[in-house]
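A look at the structure
Listed below are the residues making up each chain.
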Amino acid sequence: MSEQVNTADLYDERGEELESVAVQFQNLGGHTHFSGPVRTIRCFEDNALVKTVLSTPGEGAVLVIDGQGSLRTALMGDMIAESAVANGWSGVVINGAVRDREALARLPLGVKALGSNPKKSAKTGVGEVDVQLVIDRVRIQPGVMIFCDPDGILVER
């Protein structure tokens, strides 16, 4: 999405239509403001589905990955993030870890994650795609709009 949306202003305008995720995600991508329709993945310390989904046309979507908060392995690094950029994804929100922080910061992609770990994840493909997620008691359905900036994350109800 080319227009920069500030979440505080958006909340002031549409607060009753939005849920705010209180988890303090770090901003790790080259774009600090990003938004789009949600796609989802639920996985645990395995990023095969992340790689597969981000290698498909993103059409401005934001991939929300519930890695169940694990910081033991990275669910995305620079190569998968470069694939996301090449395929037109707006951003990625990871309830888990990434790696290659410095490279991610140079990419034209929004990236929010809990932190980083250089350790690679498993590649077995265990997980689910396009399922409802709940992060910080906020229900995140595939297809709803998500808005991210340095202030936080808003999700349409």
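As shown above, the structure is provided for reference.
Below or above, wherever it landed, is the structure these notes cover.

Reading the values: the criteria
Residues numbered from 1 in each chain as written. Predicted model: local features only at pLDDT ≥ 70, side-chain atom pairs only at ≥ 80, totals over all residues. Heavy atoms only, no water. Salt bridge = Lys/Arg side-chain N within 4 Å of Asp/Glu carboxyl O. Helix = DSSP H or I, 4+ residues; strand = E, 2+ residues; numbered from the N terminus. Buried < 20%, exposed > 50% of the residue type's maximum accessible area, 1.4 Å probe, protein only.

Turning next to the pattern of salt bridges. Pairing is possible between side chains of opposite charge, provided their charged atoms come close. As enumerated under the stated definition, the model contains seven salt bridges in all. Its salt-bridge partner being Glu128, residue Arg42 comes within 2.6 Å of it at the nearest N-O pair. Placement of Arg42 in strand 3 (residues 34–42) and of Glu128 in strand 8 (residues 128–129) is noted, with a sequence separation of 86 residues between them. A relative accessible area of 26% places Arg42 in the partly exposed class. Salt-bridge contacts for Arg72 lead to Glu45; the nearest nitrogen and oxygen are separated by 2.7 Å. Taken together, the residues Arg72 in the loop between strand 4 (62–66) and strand 5 (74–76) and Glu45 in the loop between strand 3 and helix 2 (48–54) connect sequence positions 27 residues apart. Accessibility expressed as a relative area gives 52% for Arg72, which makes it exposed.

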